[in-house]
Amino acid sequence: MHISARHDYAVQAMLAIAAAGGGPVKTSDLAVMQGIPVSYLPSILADLRRAELLSSRPGTDGGFSLARRIEQISVGDVMRAVSGALASVRGRPPHTITYGGAATALPGLWRSVHAFTSDLLDSTTLLDLLADGQAAGPRSDRETAADSATGHRS
């Protein structure tokens, strides 16, 4: 799983719109609020609109608004909207990769990584992230589970 600047900026933009009550938020305001280069935003916002995650309204009172309720938009939805697949191996979907010799078991690992990543991103909504950002305290169960699965300790 590679998290590109495009993925990161798309999720940041969606969170900023959600935090602003769902919109409308102007592109220039998103850039300032999140420190996103304004040159990235038009194509990202267009992808999110095509995926029906955002709606837009022109004019001085216009901007981008969430097209669904905050608890109905997952991080997986956002990431797929801007890049298609959530994970790839050498630019191909994990289920299409095969290996010979000693590495024949490797595709199973890649499929597991993809499944875990998909499950995590699809079960994490914008509401979850905003709530986690508001709460100062112990780490969430999701973080603990992710750390356990990856062997990361903090």
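These numbers were taken from a predicted model, which means no experiment stands behind them.

1. Focus on unusual backbone geometry
Here comes step 1: At Glu52, a position not held by glycine, the phi torsion is positive, near 60°.
Here comes step 2: Relative to the helices and strands, Glu52 is located in the loop between helix H3 (41–50) and strand S1 (54–57).
Here comes step 3: For Glu52, a relative accessible area of 60% puts it in the exposed group.

2. So, H3
Here comes step 1: Along H3, the positions that sit buried rather than exposed are Leu41, Ile44, Leu45, Ala46, Asp47 and Leu48.
Here comes step 2: Looking at the residues trailing H3, positive phi occurs at Glu52, about 60°.

3. Some words on helix H5 (residues 106–123)
Here comes step 1: With 18 residues, H5 ought to run about 26 Å at 1.5 Å a step, and its terminal C-alpha atoms sit 26 Å apart, in line with that.
Here comes step 2: Of the residues making up H5, those classed as buried are Pro107, Thr117, Ser118 and Leu121. Down the axis of H5, the buried set is contained in an arc of 100°. They therefore lie on one face.
Here comes step 3: Check the buried side of H5 and you find it contacts helix H4 (75–83).

4. Things to note about the pattern of salt bridges
Here comes step 1: Taken as a whole and judged by the stated rule, the model has 5 salt bridges.
Here comes step 2: A salt bridge links Asp47 to Arg6, with the nearest nitrogen and oxygen atoms 2.1 Å apart. Pair noted here: Asp47 is in helix H3 and Arg6 is in helix H1 (residues 5–19), with a separation of 41 residues, a long-range link.
Here comes step 3: The partner of Asp122 in a salt bridge is Arg80, and the shortest N-O contact between them spans 2.7 Å. With Asp122 in helix H5 and Arg80 in helix H4, this pair connects stretches of sequence that are 42 residues apart.
Here comes step 4: By relative accessible area, Asp122 is classed as partly exposed at 34%.
Here comes step 5: Taken together, the shared-partner salt bridges connect Arg6, Asp47 and Arg50 into one network.

5. Section: the pairing of strand S2 (residues 63–66)
Here comes step 1: In this structure, S1 lies alongside S2, joined through 4 bridges in antiparallel fashion. From the neighbouring strand, Arg57 faces S2, where its bridge partner is Gly63.
Here comes step 2: Where S1 hands over to S2, the hairpin turn is made up of 5 residues, of which Gly59 adopts a positive phi near 110°.

6. Focus on the packing of H1 against H4
In a packed pair of helices, the relevant descriptors are the angle between the two axes and the axis-to-axis distance.
Here comes step 1: One way to put it is that H1 packs onto H4 with a least axis distance of 9 Å and a crossing angle of 130°. Here H1 lies oblique to H4, going by the angle between them. The handedness of the crossing between H1 and H4 comes out as right-handed. In contact with Arg6, His7, Ala10, Val11 and Met14 of H1, H4 contributes Val75, Val78, Met79, Val82 and Ser83.
Here comes step 2: Partitioning the contact of H1 with H4 into residue classes produces 7 nonpolar, 2 polar and 1 charged.

7. Concerning the confidence of the model for the protein
Here comes step 1: The share of residues in the protein with pLDDT of 70 or more is 86%, and the mean pLDDT across the chain is 84.
Here comes step 2: Across the protein, the element-wise mean pLDDT spans from 52 in helix H7 (residues 141–150) up to 95 in H3.

Rules and cut-offs
Residues numbered from 1 in each chain as written. Predicted model: local features only at pLDDT ≥ 70, side-chain atom pairs only at ≥ 80, totals over all residues. Heavy atoms only, no water. Helix = DSSP H or I, 4+ residues; strand = E, 2+ residues; numbered from the N terminus. Buried < 20%, exposed > 50% of the residue type's maximum accessible area, 1.4 Å probe, protein only. Expected span 1.5 Å × (residues − 1). Arc of directions from axis to C-beta. Contact = heavy atoms within 4.5 Å. Salt bridge = Lys/Arg side-chain N within 4 Å of Asp/Glu carboxyl O. Pairing = 2+ DSSP bridges. Axes fitted to C-alpha atoms, helices over the stretch in contact; angles between N-to-C directions. Parallel < 35°, antiparallel > 145°, perpendicular 65-115°, else oblique. Left-handed = near helix turned anticlockwise from the far one by under 90°. Nonpolar A, V, L, I, M, F, W, Y, C, P; charged D, E, K, R; others polar. pLDDT = per-residue confidence, 0-100.

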